[in-house]
Amino acid sequence: MRVLSVTSEIFPLIKTGGLADVTGALPKALMRFGIATRTLVPAYASLRPMIRDRRPLMEFEDLLGETAALYAVQAEGLDLFLLDAPALFDRPGGPYINAEGKDHEDNWRRFALLSLAAAEIASGALPGWQPDLVHTHDWQTALTSVYMRERDCRVPVVLTIHNLAFQGQFSASLLHAIGLPPSVFTTDCLEYYNDICFLKGGLMTADLITAVSPTYAREILTKRFGMGLEGVLSLRRNKLWGIVNGIDSEIWDPANDPHLFARFDQKTIGLKRLNKMELQNRFGLQNDDGPLFAAVTRLTWQKGMDMMAEAADEIIHGGGKLFILGQGDQAIEAALHAVAERYPGRMAVQIGYDEETAHRVHGGADSIIQPSRFEPCGLTQLYALRYGCVPVVSRTGGLAETIIDANDAALSAKAATGFQFHPVTTDGLRHALRRALQAYASPKEWRRLQIQAMRANYSWERSAERYSNLYANLIRQAGGRPTASKLSL
Ligand code: ADP
Ligand code: GLC
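Parameters and conventions
Residues numbered from 1 in each chain as written. Chains lettered and ligands numbered in written order. Predicted model: local features only at pLDDT ≥ 70, side-chain atom pairs only at ≥ 80, totals over all residues. Heavy atoms only, no water. Domains from an automatic or database assignment. Contact = heavy atoms within 4.5 Å. Salt bridge = Lys/Arg side-chain N within 4 Å of Asp/Glu carboxyl O. Polar contact = N/O pair within 3.5 Å; in protein donor to acceptor, adjacent residues only side chain to side chain. Helix = DSSP H or I, 4+ residues; strand = E, 2+ residues; numbered from the N terminus. Nonpolar A, V, L, I, M, F, W, Y, C, P; charged D, E, K, R; others polar. Axes fitted to C-alpha atoms, helices over the stretch in contact; angles between N-to-C directions. Parallel < 35°, antiparallel > 145°, perpendicular 65-115°, else oblique. Near = heavy atom within 4 Å. Areas by Shrake-Rupley, 256 points an atom, 1.4 Å probe, with all protein chains shown as cover. Phe/Tyr/Trp six-rings, centres within 6.5 Å; stacked < 30°, edge-to-face > 60°. Buried < 20%, exposed > 50% of the residue type's maximum accessible area, 1.4 Å probe, protein only. Lys NZ or Arg CZ within 6 Å of the ring centre and 35° of its normal.

Colleague: Help me understand the domain arrangement of the protein chain in this model?
Modeller: How big an interface is tends to be reported as the loss of accessible area on association of its parts. Here the protein chain is described as being made up of domain 1 (2-246 + 461-477) and domain 2 (269-455). Domain 1 puts 21 residues into the contact, and the matching count from domain 2 is 17 residues. One can count 1 salt bridge joining domain 1 with domain 2. A salt bridge links Lys-15 to Glu-355, with the shortest nitrogen-to-oxygen separation between them at 3.3 Å. The interface formed by domain 1 and domain 2 holds 8 residue pairs in polar contact (both at pLDDT 80 or more) in total. Top element by residues in the side of domain 1 that touches domain 2 is helix α7 (residues 214-219). It accounts for 4 residues. Of the residues that constitute the side of domain 1 that touches domain 2, the class distribution is 10 nonpolar, 8 polar and 3 charged.

Here's what the structure looks like:
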């Protein structure tokens, strides 16, 4: 089976968050089900060296008035199509923001172009390769199925919602500039309160919608989590599935992690202490017996990181330490710095994005905190489990279903893997932290939690199988038969 995955980020080539982890890991996991994925991604400035001195597979003479070229590249075990449109993608900054930290003003055009290129490939523009199915991710590629419908292309499309908070809402005056006719500006396609909404267009035209956990798939049908799209999603609820993300268990493996000072597994978990010492020394934290709590996250309201500044007292007065790696909202960054200054040796904050430190934090921390207000899936808590960090999480979205709260029943069933709290308030978080501190005070109980956490299996295997079944059903329903998976490129 041939799948075209279309995405704005993919690990390890370009990443701002969990979307990249998923689009990077899923193709590898799908391989064992006979699915060959090609991923279409923009040739951002940092990826252009990969196409230097290569010949394009094809050229688009007019994609929204731009010329663009398509390159086939294999890298990091991934089969990629890089879309080179230098005027739109070869520039400083990240995939979504410029060097000053503001959204690229033409994001609507950049991601419309990416989606249009995907629709062209799905419709057979590329000699010798056409997908059996297209998989799009979030608003950035959601227009693909709208363009495909306009081309009368019947290849089935799966749209995965990673985060409904980002919808790609723009002025209706741009409709012509993204190459779409007035006929799609209706409530059952792109129209959204007089604007155009890329994500809504995708939700209305994709053959199947998945959300990244079953709990989130239910939550987004409600006003509280639907972010204004709950009505649209309710209309399409019989096409909506929840499939929990997995983790790349080769990249996130404490027994084989090149970033760790000391590698360990369930049997040698005692070695984790060495990583903890190394981490504490590096960030100026005291090397005493207190538990080390940590967070690796975007510093945003979604992630509840505004609550951390207040909750830090609970940890530190309880004898613990806190390390935060993240970046995001400047007010949150400043508040965290201010608390850290009050607690030299007990709390440290590292602002920035640093993959290696993220691994070391999981290697050394005793507990990872994720107090999200909403969390479609969340990967940090899954990495935490694998690395024997006991997660403290809010009970929402993927966090609700991947962490088993250490209540009496779960403890006696030897199933508990972490601490949950609800409702998501600072008091709730404080209470959960107190429970964690208490458990840490009993080394035997803590070790049991760590081992149970490490035993939880969130590799991609099961979820990839679910995707592969959904793909196969869709292709069958569309009247097609999957092509042999070998790529002819
Ligand atoms: P989201 O995608 O909403 O940010 P996830 O938990 O799904 O949340 O994924 C976040 C990913 O980004 C994880 O791989 C996490 O390790 C990584 N990450 C987040 N912030 C940082 C940071 N400051 N430095 C390094 N990695 C980070
Ligand atoms: C989004 C969500 C996060 C999820 C990730 C990957 O960024 O916020 O919860 O894990 O996508 O699906």
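Now that the structure has been shown, the text picks up again.
Colleague: Would you explain the packing of helix α1 (residues 18-31) against helix α19 (residues 461-477) in this entry?
Modeller: When two helices pack together, their arrangement is captured by the angle between the axes and the distance separating the axes. Taken N-terminus to C-terminus, the directions of α1 and α19 make an angle of 75 degrees; their axes are 9 Å apart at the nearest point. With respect to α19, the axis of α1 lies roughly perpendicular. Along its contact with α1, which presents Leu-26, Ala-29 and Leu-30, the element α19 presents Ala-464, Tyr-467, Ser-468 and Tyr-471. Split into classes, the residues belonging to the contact of α1 with α19 amount to 6 nonpolar, 1 polar and no charged.

Colleague: When you look at the site of ligand 2 in this model, what are you seeing that I'm missing?
Modeller: Not every one of the 14 residues close to ligand 2 is listed here, only the nearest: His-162, Asn-245, Glu-375, Cys-377 and Gly-378. Residue Asn-163 places a side-chain N or O atom 3.4 Å away from an oxygen atom belonging to ligand 2. Residue Gln-302 places a side-chain N or O atom 3.3 Å away from an oxygen atom belonging to ligand 2. Taking 310 Å² as the accessible area of ligand 2 by itself, protein coverage stands at 93%. Counting residues per element, the shell around ligand 2 draws most heavily on α1, at 3 residues. Structurally, the shell around ligand 2 is a two-domain feature, drawing no fewer than three residues from each of domain 1 (2-246 + 461-477) and domain 2 (269-455).

Colleague: Can you help me understand the packing of aromatic side chains in this one?
Modeller: The relative placement of two aromatic rings is captured by the distance of their centres and the angle of their planes. Evaluated as defined, the whole model comprises 15 aromatic pairs. Ring plane angle 70 degrees and centroid distance 5.0 Å describe the contact between Tyr-192 and Tyr-193, whose orientation is recorded as edge-to-face. Using a relative accessible area of 8% as the deciding quantity, one classes Tyr-192 as buried. By relative accessible area, which is 66% here, Tyr-193 ends up exposed. Ring centres of Trp-252 and Tyr-387 lie 6.0 Å apart, and the angle between their planes is 75 degrees; on these two criteria the pair is classed as edge-to-face. Remark: Tyr-387 occurs in the loop between α14 (380-386) and β17 (392-394) and Trp-252 occurs in the loop between β12 (240-242) and α10 (272-282); sequence separation between them is 135 residues. These aromatic residues form a ring-pair network of at least three members: Tyr-96, Phe-111, Trp-139, Phe-170 and Phe-198. Looking at Arg-38, its charged tip hangs above the ring of Phe-81, at a distance of 5.0 Å from the centre.

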